[in-house]
Every structure is written in C-alpha cells, then in structure tokens.
Amino acid sequence: MRVLVTGGAGYIGAHTSRLLAARGDYVLVVDDLVTGSADRIPGIPVVTLNIANGSAEQLESLMREHRIDAVIHFAAQKQVGESVAKPAWYYEQNVGSVAQLLLAMERASVHKLVFSSSAAVYGEASGIITEEASANPINPYGATKLVAEQLISACARSWPLRAASLRYFNVGGAGVPELGDTQALNLIPICFEQIAAHKSPLIFGDDYDTADGTCVRDYVHVSDVADAHLAVLDVLPSEPGNEVLNIGTGIGTSVRDMVDAILEVTASELSAEVRERRAGDPAAVVGAVDRMRELTGWSARYSVADIVESAWASRQYFEARAASS
Ligand code: UDP
C-alpha cells in the first residue's frame, strides 16, 4: 500500500511509519517537525508542512504525485492543559487539519483514512468503556478529537470514504529508545522527573472507589498502538463509514501499582506520597477492546512492565544524548 502519514515524525507516528516501511509499504510523511524529528524515521521521505490551514491543494498534489492509497492522520496538538488555555488554536490545529486533509482526499480520490482519536472523547465516563458509551469530552483537546470524528463521519455519508477513528487509552513506552515520547506530560514521565529530582512520586487521591483507592487506567504500549494502525488499514470496511475503535489492553492498572512498577524499574529508594485528588479525574478508565479484536484480530501484546522499562530506557537514551551534545 502507498500511505501518507501526517505527524509521521512524532511519537506514535514514527513507530507506525517505521512498521509500515518495514513491511514494504511506501510511506510519505507530512510533518511540521515542531515536536517531531526526521531523525526518527531514517529513509522515509518527509515533507515539512503544518496542514492546519490552507494545505488542501498541496496535500492533493502530494497524494496524486505519490499515488497515495490511504492516509493515517496523527498530526495534532495533544496537551490537555494547553488546550484549556488556547482552545481556538486547538480547534484550528486538530479540526482544521482534518478538514484540509478530507478536502484533499476527496479531490484526489483517496478513500481510506485511519484517524488518531483519543479516549479523552469519553470525558468523565468511568469503568470499562465500550465505543457505545456517550462521548462527553471535558476539555477542548477531547472536544477537538470528537468534532474531527464527526467531520469524518459526515464525509463518509457524502463520498465513498472508508475510515476508522482509533480512540487510544493511555499510551506509553518506546519500541526503541530513540522513539520515546519527549513531549509527554503524564503519569510515567512525571514520576521519572520526580525520581530524577530525588522527590517522591505523587499519587493524586487514594480515596476513589477502586480496589486500592487510586485511579485505574488502561496503559497500552506504543508498539501495540502502532501495530493496531496497520491491522485497521488492512481491514477497512468496503462500505463507506467511520468505524470507531477503542485501542487499549482491556486491563486496568492502578496509579499505586504503576508507581510501584516505576520505583522498581528505576531502582529508586523513594516511596510514593499521596496528595489531593486532581480535578476532573474519573476513578477508572479501561477500554473494552472486543470490537477491535473482532474486526482485525489485533490485541495488545506488551505488559505494563514492558511499558515502564522501555520508557525508562528511552529517557536514559535522551539524557545521555543531551549530556554528550
Ligand atoms: N497521576 C498521579 N500523579 C502524577 C500524575 C498523574 O497520581 O504525578 C494520576 C492522575 O491523577 C490519573 C492517572 O495518574 O489518575 C493518569 O494520569 P495521566 O495524566 O497520565 O493520564 P489521564 O488518564 O489523566 O489522561
């Protein structure tokens, strides 16, 4: 297949681009290289472009010139806090890019799309969450992902677009150290930061209605997430539509268990400190992943230990690189 990957020099995008290239697909990456880096995808052509505004014509030409069959769209802004501070910019970037892409795809007759969505669309839903759960995002980041999904669905009703929107749960780890996420502001990297500064990792609330009182999340390894894109690309339905699919493990891990795993992997003598709950955190968010398994046969292979170990190895790789430069 000949695949255009937007955001293909970023964290999940680079893992996916490398997998596609390794199995013999032609890959063209379009990335603004603001947070991504072309070093992550050696040998894969990269067009440097932010697609949020006025890019449809250029994208259409690229699709024609490179005889593209399918698009995987990762390029987006992903920091929840920043989306609260800059909502209009988040809509421009995360919805504008999808609009430009769809305009180009329709004109160039490219009819296959895999879209990078997020479990953030579920908002404060708690428990094991199926794709049927109502989507009520509680921040602009989640809202942009939901609006983009709706835009894709509308196009699939208007022209023969065969799409899937993948709602990722808590993605972590690195397939190889140089592909780790250097932008992440979530539990695992925050704990690493604390430990590196000889400070205790913090647990935000231990009075939730869960087995150990701390929040439960579904952590999925980035290599599994990348693999999921290939699996979906191969089975996009023959009928137009937008298939919404959870991408997780179906297994919940508490913050306490995750922090213990982090302390062990980092061989830290520190212990966790419990603080107040963080506003807006649902008690438990675990993906029901049956739909994805039934459609594609895919399921996650990596464990929480694999996620933490590979994330730590990646952090050490980037620290060593920074120290030697
Ligand atoms: N969390 C924590 N301590 C931290 C960072 C996060 O206890 O230093 C908790 C957070 O309250 C949530 C869970 O870890 O319950 C996962 O948070 P994260 O921001 O990684 O992802 P989210 O599920 O909120 O998108």
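Residues numbered from 1 in each chain as written. Predicted model: local features only at pLDDT ≥ 70, side-chain atom pairs only at ≥ 80, totals over all residues. Heavy atoms only, no water.

J.: Give me the lowdown on the overall build of the protein, citing residues and values where you can.
T.: Tallying secondary structure elements over the protein gives eleven helices and 15 strands in all. At 19 Å, the protein has a C-alpha radius of gyration in line with the 20 Å of a compact globule built from 325 residues. The principal-axis extents of the C-alpha atoms in the protein amount to approximately 55 × 50 × 40 Å. Buried residues in the protein amount to 53% of all 325 residues. Sequence-distant contacts in the protein: of pairs separated by 6 or more residues, those separated by 24 or more amount to 80%. Carbon and sulfur atoms provide 49% of the accessible area of the protein, an area that totals close to 13900 Å². With 25 positive and 40 negative side-chain charges, the protein shows a spacing of 5 Å between the two charge centroids. (Helix = DSSP H or I, 4+ residues; strand = E, 2+ residues; numbered from the N terminus. Rg over C-alpha atoms; globule rule 2.2 N^0.38 Å. Buried < 20%, exposed > 50% of the residue type's maximum accessible area, 1.4 Å probe, protein only. Contact = heavy atoms within 4.5 Å. Areas by Shrake-Rupley, 256 points an atom, 1.4 Å probe, with all protein chains shown as cover. Lys, Arg positive; Asp, Glu negative; His and termini not counted. Charge placed at Lys NZ, Arg CZ, Asp CG, Glu CD.)

J.: Lay out the site of the ligand with the relevant residues and their values.
T.: Within the structure, the ligand sits among 13 residues, and L187, L202, F204, R217 and D281 are positioned closest to it. At 3.0 Å, a side-chain N or O of N170 approaches an oxygen atom of the ligand. Within the contact set of the ligand, an oxygen atom lies 2.5 Å away from a side-chain nitrogen or oxygen of D281. Of all elements in the fold, only α7 (187–196) and β9 (202–204) reach the threshold of two or more residues within the shell around the ligand. With three residues, β9 is the largest single contributor of residues to the shell around the ligand. Partitioning the shell around the ligand into residue classes produces eight nonpolar, two polar and three charged. (Near = heavy atom within 4 Å. Polar contact = N/O pair within 3.5 Å; in protein donor to acceptor, adjacent residues only side chain to side chain. Nonpolar A, V, L, I, M, F, W, Y, C, P; charged D, E, K, R; others polar.)

J.: Give a detailed account of helix α5 (residues 96–108), specifying residues and quantitative values.
T.: The end-to-end C-alpha distance of α5, which contains 13 residues, comes to 18 Å, matching closely the 18 Å that a straight helix rising 1.5 Å per residue would cover. Among the residues of α5, those classed as buried are G96, S97, V98, Q100, L101, L102, A104, M105 and A108. Directly after α5, the chain includes S109, whose backbone phi takes a positive value near 55 degrees. (Expected span 1.5 Å × (residues − 1).)

J.: Describe the sheet that holds strand β4 (residues 70–73), listing the residues and the values that go with them.
T.: Judged by pairing direction, the sheet is parallel, and its seven strands sit side by side in the order β3-β2-β1-β4-β5-β7-β12 without closing on themselves. Each edge of the sheet is formed by a strand with only one pairing partner; in this case those strands are β3 (46–48) and β12 (241–247). Strand-to-strand twist of the sheet, defined as the mean angle between neighbouring strand axes without regard to direction, takes the value 20 degrees. Examined bridge by bridge, β4 and strand β5 (residues 112–118) share four bridges and lie parallel to one another. Residue A70 lies in a different strand from β5, and its bridge partner there is K112. (Pairing = 2+ DSSP bridges. Axes fitted to C-alpha atoms, helices over the stretch in contact; angles between N-to-C directions.)

J.: Now, about the sheet that holds strand β6 (residues 127–129): what can you tell me, with residues and values included?
T.: On the basis of which strands lie adjacent, the open sheet formed by four strands has the order β6-β15-β10-β13 and mixed pairing. Edge strands, defined here as strands with exactly one partner in the open sheet, are β6 and β13 (253–254). Bridge count between strand β10 (residues 216–217) and β13: two bridges; the pairing is antiparallel. By the bridge assignment, R217 is partnered in β13 with T253.

J.: So what's going on with the environment of A56? Residues and values would help.
T.: Structurally, A56 is set in helix α2 (residues 56–65). Under the relative-accessibility criterion, A56 is labelled buried at 5%. Along the sequence, A56 and V27 sit 29 residues apart, while their C-alpha atoms lie 19 Å from each other. Contacts of A56, omitting those with residues within four sequence positions, involve Q100, L103, A104 and R107.

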